[in-house]
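Summary of structural features
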Amino acid sequence: MNLHRKIEALGGAFIGALKSVRELARLWRGSLAGLVERDYPKGEIARQMYVVGNKSVLFISVTMGFLGMVMVMQSGQQLNRITGDLSQLGPEFLRLFIQEFAPTITALMLATRVGAGIAAEIGTMKVTEQIDALRLSGITPTSYLIAPRFFACVVMSLVLTIFAVVFSFSAGGLTAWSVFGLNPTLFFDASRVQVYDLTLGGCKALTYGMAIPVISGYCGLEARGGSEGVGTATTSAVIGSSFAVLLIDFLLSGIGFAFFGGGAR
Amino acid sequence: MIGEGLITGIGRGTMAAWRELGGITVLTGQVLRALVPPTMDRPELLRNLYRMGNRSLPIIALTAFFVGGIMVVQAGVLVRQLNAAGLVGWGAGYAIFREVGPMLIALMFSGRVGSNNTAELATMTVTEQLDGLRALAIDPIRYLVVPRVLAMTICLICLVILGDIIALYGGALFAMLVLDLEYATLHYSLVDNIGWLDFIHGVVKAGVFGAAIAMSSCYFGVSVRGGAVCVGKAVNAAVVAAAISIVLLDFFLTYLLP
Amino acid sequence: MSEPGRTAIDVHDVQLRLGHRQVLQGLHLKVAEGGRLGILGPAAGGKSVLLKLLVGLLQPDAGRVEIRGTDLSSGDEKVLMRVRRDIGMLFQNYALFDFMTVGENVAFPLARRGDVEADEIRDRVEARLRSVGLAGSAHKMPSELSGGMKKRVGIARATIARPALVLYDEPTAGLDPVTTQKMYDLLSADQEETGCTVLAVSSDVKALMGFASELALIHEGRIRYAGSSSEIADSSDALVRQFVSGSEDGPL
């Protein structure tokens, strides 16, 4: 009996997940269509870009700066233990940050900061019937609300990833110099970076930038009940978009490795 | 004009950050005092442990599984480049145990459990339930905060241990499927190069991260002022503070721990 | 705009289930164009849900909803958009856009049409705000207003485009009796000017009786009374009589 109910619950969860995936795909298409139709308030894209950047630039600087220092310390210690040759530390660091850490950690921070904001904002509009009022005026909420946030997130995810690379690379170089006495000219060396790394990092940043607003917007639009509903929407937006980031990271890295050999020469 | 706004903004932000930091420190002090001698609500602790573990286990397990996969893919490049199959187990294990495992699992835990905890406490605060407890001569810190802090710390330690295992086996699975490596190669590469110290390094980090997530999550929950709108803001602030403290503490712990 | 005698709203045998609750079970309702219908009923009886059905924000599980001859139950967005152009609605919690000023809120339905000049929009918004007693508030944000003022902004927004059908969800909830009367005077004056069909949902029996010529009482998803407002007090249904008189003993 108990097992029966558990299987039922599992099946229900599975169907729920399928439905959500279908809804997410619909929302994604709707955002793209909304960008083509340009059915959003004037200057909204610029405003949203400002909001995304302003909310997260300090946050990303702190996290990426410290992450850069930690990575250099950890790998420096290991290299010292095994080979003692630190000459490859900087070039490998840069490659790894461009295609893995900078886009992914930046996106995780965006999911926390911006995703939560989008879900809270749209969720509030949902529970106060503003979404209904929009639809009554002949507006599709997706094109009016999600599309500009979608575009802003995609662009800012890329911009902030570049910023994150620069910031963490500088922090890492300073650490290598002050802790291991590594010559900065040896560290700041971009010769190992290939087109593959730039493409993979860029693709990751763009895909994360699409996933975060779509998932968070979906959570907001699904909000029900008063302020408690908004709270639930916010938390599920954070966890949903964070998880999506990790999943996308895994898929894209896997595809890159399987089809392009991970950029190895 | 813009410059002036920026400077004022930075100034105000710094002031706010110090104020929050002070608040968190005071709350931490109160929690520590409540722990000596340990007086708290045992059933509440167990209830929280069960709830938090239950709530976060699936997402943490999935996260760990993918993290293992990502690490192996990254290590796979080394294999192709240097033909160094013997390094995959070591590289993936070292990164998972010490850095990536605790940090990513902590970030996910903060998003799932920390944010939920803040929302719950904040709702209780704005609906004056904390004052209600005080009126019944119950200390809300001992009754609500202490069990949650303990539960979150214990929970994250257990989840990171479990996550490490899942990530390693998930990674091994991908390494066998994608990189065509033998299980034995991975196993010995890990066992020969990674010691208990690396594992404990990560577990200590997990404990500290858990406490930090718990403190910021509880602090923003009980210190919320104003109406229901502020609950959302409190949640957001708590998650951001938790993320920053995780990265900062990770830096210092890496530096301090062997 | 409206043609008296034609049916503005035709709700036929509508069933609706939300979650585990059967909200509407076999609801019938007809309103002639230019009519003033008041909808009464105890809380959670399905009044607000009915309004959402009328604008196609919800779709019935069974039955038919026709607005001015157009069937909404197909759920086709294009059809809905066309029908909604002629509908104004005041939401229960006003649903003012909190990212716009009061003026932009009121102008919104007009601006969305795209066929009205900016100058004319500004003049009409100014006039509309004056008629609801909020002259000079156009630049304020909704968060600066009190509940009653927000409600009046909501009314201005619902009526600015002179829709053929106006739906008011609780236009007077939380207002004192004097303001309530003023509010209904405003709605009356509006209706007389444009000749639109008005549907007002409220649980305030007395005020609604003064405003609406026809009343309908919804209880547990069905219409328990439909007829002229002067005769509702003499209804043969004990539940209706009890609700109107507000006495404690009875079936409710």
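Presented here is a report on the structure given in the accompanying data block. Sequence positions are assigned chain by chain, starting from 1 and proceeding in written order. Throughout, the order in which chains and ligands are written sets their labels, letters from A for the former and numbers from 1 for the latter. A pLDDT threshold of at least 70 governs which residues receive local features in this predicted model, and a stricter bar of 80 or more applies before side-chain atom pairs are shown or counted, although totals over entire chains, interfaces and linings include all residues. Values reported for side chains reflect all heavy atoms of the structure, with hydrogen atoms and water molecules removed beforehand.

**A few points about the sheet that holds strand S2 (residues 21-32) of chain C**
All names here are of chain C. Rules: The criterion for strand pairing is that DSSP finds at least two bridges linking the strands in question. The helix count covers DSSP runs of H or I at least four residues long, the strand count covers runs of E at least two residues long, and both are numbered beginning at the N terminus. Contact between two residues is taken to exist if any of their heavy atoms lie within 4.5 Å; hydrogens are not considered. Every angle, taken between N-to-C directions, lies between 0 and 180 degrees, and every axis is a line fitted to C-alpha atoms, over only the stretch in contact when it is a helix.
Spatially, the four strands line up as an open sheet ordered S2-S1-S4-S5, and their pairing is antiparallel. The open sheet terminates on both sides in strands that have one partner only, identified here as S2 and strand S5 (70-71). Inspection of the sheet shows strand S1 (residues 7-18) paired to S2 by nine bridges, in the antiparallel sense. Bridging across to S2, Val 11 finds its partner in Leu 29. Lying on the sheet, helix H1 (residues 47-54) is in contact with S1, S2 and strand S4 (62-67); it crosses S1 at an angle near 120°.

**Some details on the pairing of strand S3 (residues 36-40) of chain C**
All names here are of chain C. Operational definition: A simple rule labels every residue: compare its accessible area, found with a 1.4 Å probe on the protein chains alone, to the largest value its type can have, and call it buried under 20%, exposed over 50%, or partly exposed in between.
Extensive coverage of S3 is indicated by the burial of five of its five residues. Burial of the side chains of S3 extends over both faces: Arg 36, Gly 38 and Leu 40 are buried on one face and Leu 37 and Ile 39 on the other. Inspection of the sheet shows S3 paired to strand S8 (residues 197-201) by four bridges, in the parallel sense. Bridge assignment links Arg 36 to a residue of S8, and that residue is Val 198. Here S3 runs beside strand S9 (residues 214-219); their pairing, made up of four bridges, is parallel. Within S9, the position partnered with Gly 38 by the bridge is Leu 215.

**Topic: the nonpolar core**
Convention followed: We define the nonpolar core as a collection of buried residues of types Ala, Val, Leu, Ile, Met, Phe, Trp, Tyr and Cys that are connected through side-chain atoms lying within 4.5 Å of one another.
The biggest cluster of nonpolar side chains holds 164 residues, and the ones touching the most others in it are B:Phe109, C:Ile9, C:Leu29, C:Leu54, C:Leu167 and C:Leu199. For this core, the element with the most residues is helix H3 (residues 89-127) of chain A, which contributes 18 residues. Once residues within four sequence positions are removed from consideration, C:Leu199 is found in contact with C:Ile9, C:Val31, C:Leu37, C:Ile39, C:Leu51, C:Leu54, C:Val166, C:Leu167 and C:Tyr168. Within the second largest apolar cluster, 43 residues are counted, among which are C:Val106, C:Tyr184, C:Leu208 and C:Tyr225.

**Quick word on helix H8 (residues 238-245) of chain C**
Residues and elements named next belong to chain C. Keep this limit in mind: For this analysis, a polar contact is any N or O atom pair within 3.5 Å, provided that within protein one partner can donate a hydrogen and the other can accept it, and provided that sequence-adjacent residues contribute only side-chain to side-chain pairs.
Regarding H8, the residues found buried are Leu 239, Val 240, Gln 242, Phe 243 and Val 244. Each element contacted by the buried residues of H8 is listed here: S3, helix H7 (205-211), S9 and strand S10 (222-228). For H8, the N-terminal capping position is held by Asp 237, with its side-chain oxygen 3.0 Å away from the main-chain nitrogen of Leu 239. The positive-phi residue at the C-terminal boundary of H8 is Gly 246, with phi of around 75°.

**Overview of the packing of helix H3 (residues 88-126) of chain B against helix H5 (residues 140-178) of chain B**
Residue and element names in this part refer to chain B. Which entries qualify depends on this criterion: Here a crossing is taken to be left-handed if its near helix is turned anticlockwise relative to the far helix by less than a right angle, and right-handed if that turn runs clockwise. When residue character is reported, Ala, Val, Leu, Ile, Met, Phe, Trp, Tyr, Cys and Pro are called nonpolar, Asp, Glu, Lys and Arg charged, and the others, Gly included, polar.
Interhelical geometry of H3 versus H5 gives an angle of 145° and a closest axis separation of 9 Å. Between H3 and H5 lies a crossing whose hand is right-handed. For the contact of H3 with H5, the class distribution of residues is 17 nonpolar, five polar and three charged.

**Examining a nonpolar patch on the surface**
What counts is decided by this rule: Note that patches include only residues with greater than 30% relative accessible area and no salt bridge, and the join distances are 9 Å for like charges and 5 Å for nonpolar side chains (Val, Leu, Ile, Met, Phe, Trp, Tyr). Using a 1.4 Å probe, the Shrake-Rupley method yields the accessible areas, and only the shown protein chains count as cover for residues. Salt bridge criterion: a side-chain nitrogen from Lys or Arg within 4 Å of a carboxyl oxygen from Asp or Glu.
Judged by side-chain polarity, A:Leu158, A:Ile162, A:Val166 and A:Leu206 come together as a nonpolar surface patch covering roughly 320 Å² of accessible area. By the secondary structure assignment, A:Val166 is in helix H5 (residues 141-180).

**Structural notes on the interface of chain B and chain A**
Note: interface size is frequently given as the accessible area lost on complex formation between the parts. Spelled out, the test is: Computed with a 1.4 Å rolling probe, the buried area is the accessible surface lost when two parts are put together, summed over both parts.
Every contact between the two is made by 44 residues of chain B and, on the other side, 43 residues of chain A. Across the chain B to chain A interface the summed buried area is about 4,100 Å²; carbon plus sulfur atoms make up 77%. Along the contact surface separating chain B from chain A lie zero salt bridges. Summed over the shared surface of chain B and chain A, the number is four residue pairs in polar contact (both at pLDDT 80 or more). Mapped onto the side of chain B that touches chain A, the elements with two or more residues apiece are helix H2 (42-82), H3, H5, helix H7 (196-222) and helix H8 (229-256) of chain B. Among the elements that line the side of chain B that touches chain A, the one with the most residues is H3(B), at 13 residues. For the side of chain B that touches chain A, a count of residues per class yields 25 nonpolar, 13 polar and six charged.

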